[in-house]
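Close look at the chain arrangement
Each chain is listed here by its residues.
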Amino acid sequence: METILFSLLNGVIYGLLLFMLSSGLTLIFSMMGILNFAHASFYMLGAYFAFSFTQVTSFWIALIFAPILVGLFGAVVERWGLRNVHQHGHVAELLFTFGLAYLIDEVVKIVWGKNAVDYRVPAELDFPLFELFGAQYPAYRMFILLVAVAMLAALWYLLKRTRVGLIIQAALTHPHMVGHLGHNVPRIFMAVFGAGCALAALAGVIGGNYLVTDPAMAAFMGPIVFVVVVIGGLGSLEGAFIASLLLGLLQTFAISVDANFADLFGWTGLTATSELGGITVASLAPMLPFLLLVLILIVKPTGLMGDREA
């Protein structure tokens, strides 16, 4: 019971962190049709900017200004980069964002070094919130949950209940009509791209000290984010939310299972001393998202809640 409860809590929190990161990518794709390969690099920039802020101010200042700075940088990238590349098709966009990701990674190594930085949980949240089965649960993990839920609620309200959200959704399907009504569609796209980058940076601010802040963090999280977006359905925020929780729980429970193939399939004659029987479930946790991705694409190529083929 203890293992199940803690795995459930950790899985939900990790899943919500994945959603914070993938929501920005989903928003950008749903609005602009761009699969941004550099999205995880903006996540990394958020973590490093937050680390730098905490060296001179506080975590709370970093929580506000690091996403804003990354969002502004994303807007600049869209205005003077992607906007000019967009007319040449998806291949040019993918190459541009791939090159941008490489450039950001190299700049991070030059400025902050190749080793992990000492980005710590703020002292105000570095305490056990409650105790279950004799084990203490950190308050910072609950803070991650609260921030993720607040971001989800704010994003849903903005897109579904405000005039700004109405204009954004209209610009997706009828950009020329929105332009004829007097709205600056390119500026809307720039704002959406910047907002998507800011959401990735927010995930970096609160996830960088929960996981680790080093130059490899973008390469580690990048593939998982694309898996989340594809499984949920390209352009579907609801699908990204479901897929994030699903993958978070799947990986967390897999890691917590203390069993190997011999324990699970011993009835077939497998033994723990054999090469196949000795494989543990926990060792397969990193590949489970990609296995699920393959299964989803076979059964429902548009994803769980997607309705677009590309």
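The rules we used
Residues numbered from 1 in each chain as written. Predicted model: local features only at pLDDT ≥ 70, side-chain atom pairs only at ≥ 80, totals over all residues. Heavy atoms only, no water. Helix = DSSP H or I, 4+ residues; strand = E, 2+ residues; numbered from the N terminus. Rg over C-alpha atoms; globule rule 2.2 N^0.38 Å. Contact = heavy atoms within 4.5 Å. Areas by Shrake-Rupley, 256 points an atom, 1.4 Å probe, with all protein chains shown as cover. Lys, Arg positive; Asp, Glu negative; His and termini not counted. Charge placed at Lys NZ, Arg CZ, Asp CG, Glu CD. pLDDT = per-residue confidence, 0-100. Axes fitted to C-alpha atoms, helices over the stretch in contact; angles between N-to-C directions. Parallel < 35°, antiparallel > 145°, perpendicular 65-115°, else oblique. Left-handed = near helix turned anticlockwise from the far one by under 90°. Nonpolar A, V, L, I, M, F, W, Y, C, P; charged D, E, K, R; others polar. Expected span 1.5 Å × (residues − 1). Buried < 20%, exposed > 50% of the residue type's maximum accessible area, 1.4 Å probe, protein only. Phe/Tyr/Trp six-rings, centres within 6.5 Å; stacked < 30°, edge-to-face > 60°. Lys NZ or Arg CZ within 6 Å of the ring centre and 35° of its normal. Bend = angle between axes of the 7 residues up to and from the residue. Pairing = 2+ DSSP bridges. Patch = residues over 30% accessible without salt bridge, like charges linked within 9 Å, V, L, I, M, F, W, Y side chains within 5 Å. Salt bridge = Lys/Arg side-chain N within 4 Å of Asp/Glu carboxyl O.

Attention shifts here to the overall build of the protein. Helices and strands together make up the secondary structure of the protein, namely 12 helices and two strands. Of the regular secondary structure in the protein, the N- to C-terminal order runs α-α-α-α-β-β-α-α-α-α-α-α-α-α. Its C-alpha radius of gyration of 21 Å places the protein within 12% of the 19 Å reference for a compact globule of 310 residues. In terms of principal-axis extent, the alpha carbons of the protein reach across some 70 × 50 × 40 Å. A sequence separation of at least 24 residues applies to 75% of the contacts in the protein between residues at least 6 apart. Surface summary for the protein: the accessible area is close to 15400 Å², and the carbon and sulfur share equals 70%. Each charge class in the protein was averaged separately, 12 positive and 16 negative side chains, and the resulting centres sit 16 Å apart.

A word on the confidence of the model for the protein. Averaged over every residue, the pLDDT of the protein is 86; the share at 70 or more is 92%. For the protein, the element scoring lowest by mean pLDDT is helix α11 (residues 261-264), at 66; helix α2 (residues 39-56) scores highest, at 95.

For the rest of this paragraph, the subject is the packing of α2 against helix α3 (residues 59-85). Here α2 crosses α3 at 140 degrees, and the two axes come no closer than 8 Å. On the basis of the axis angle, α2 is oblique to α3. α3 is crossed by α2, and the crossing has right-handed handedness. Contacts between α2 and α3 pair Phe 42, Leu 45, Gly 46, Phe 49, Ala 50, Phe 53 and Thr 54 from the former with Phe 59, Ile 61, Ala 62, Phe 65, Ala 66, Leu 69, Val 70, Phe 73 and Gly 74 from the latter. Residues that form the contact of α2 with α3 fall into these classes: 13 nonpolar, three polar and no charged.

Take α2 next. In this model α2 runs 27 Å from its N-terminal to its C-terminal C-alpha over 18 residues, within 8% of the 26 Å that 1.5 Å per residue would give. Residues of α2 that are buried include every one of His 39, Ala 40, Ser 41, Phe 42, Tyr 43, Met 44, Leu 45, Gly 46, Ala 47, Tyr 48, Ala 50 and Phe 51, and no others. Summarising the contacts, the buried residues of α2 are in contact with α1 (2-32), α3, α4 (90-112), α8 (185-207) and α9 (217-232).

We now examine the packing of aromatic side chains. All chains considered together, the criterion is met by 11 aromatic pairs. Directly above the ring of Trp 80 sits Arg 79, whose terminal nitrogen or CZ lies 5.1 Å from the centroid. Lying over the aromatic face of Tyr 137, Arg 141 brings its terminal NZ or CZ to 5.5 Å of the ring centre.

Bringing α3 into the picture now. Helix length check: α3 (27 residues) gives 36 Å between terminal C-alpha atoms against 39 Å at 1.5 Å per residue, within 8%. Glu 78 marks where α3 bends most, by close to 40 degrees.

Where α2 meets α9, the axes come as close as 8 Å, and the angle between the chain directions of the two elements is 135 degrees. On the basis of the axis angle, α2 is oblique to α9. As α2 packs across α9, the resulting crossing turns out to be right-handed. For the pair α2 and α9, contact is made by His 39, Ala 40, Ser 41, Tyr 43, Met 44, Ala 47 and Tyr 48 and by Met 217, Ala 218, Met 221, Gly 222 and Val 225, respectively. For the contact of α2 with α9, the per-class residue count stands at nine nonpolar, three polar and no charged.

It is worth spelling out the pairing of strand β1 (residues 128-132) at this point. Pairing analysis gives four bridges linking β1 to strand β2 (residues 135-138), with the strands arranged antiparallel. Bridging from a neighbouring strand, Leu 132 pairs with Ala 135 of β2. Counting the residues between successive antiparallel strands, the hairpin from β1 to β2 contains two residues, one of them, Phe 133, with a positive phi of roughly 55 degrees.

Bringing a nonpolar patch on the surface into the picture now. A contiguous nonpolar patch, built from Ile 61, Ile 64, Phe 65, Ile 68, Leu 69 and Leu 72 and spanning about 520 Å² of accessible area, is present on the exposed surface. Turning to its location among the elements, Leu 72 is positioned in helix α3. Judged by relative accessible area, which is 53%, Leu 72 ranks as exposed.

The next point concerns the side chain of Ser 22. Mapped onto the fold, Ser 22 is located in helix α1. Excluding anything up to four places from it in sequence, Ser 22 contacts Val 225, Val 228, Val 229, Ala 240 and Ser 244.

The subject of this paragraph is the environment of Leu 234. The topology assignment puts Leu 234 in the loop between α9 and α10 (237-256). Leu 234 sits in the buried class, given a relative accessible area of 14%.

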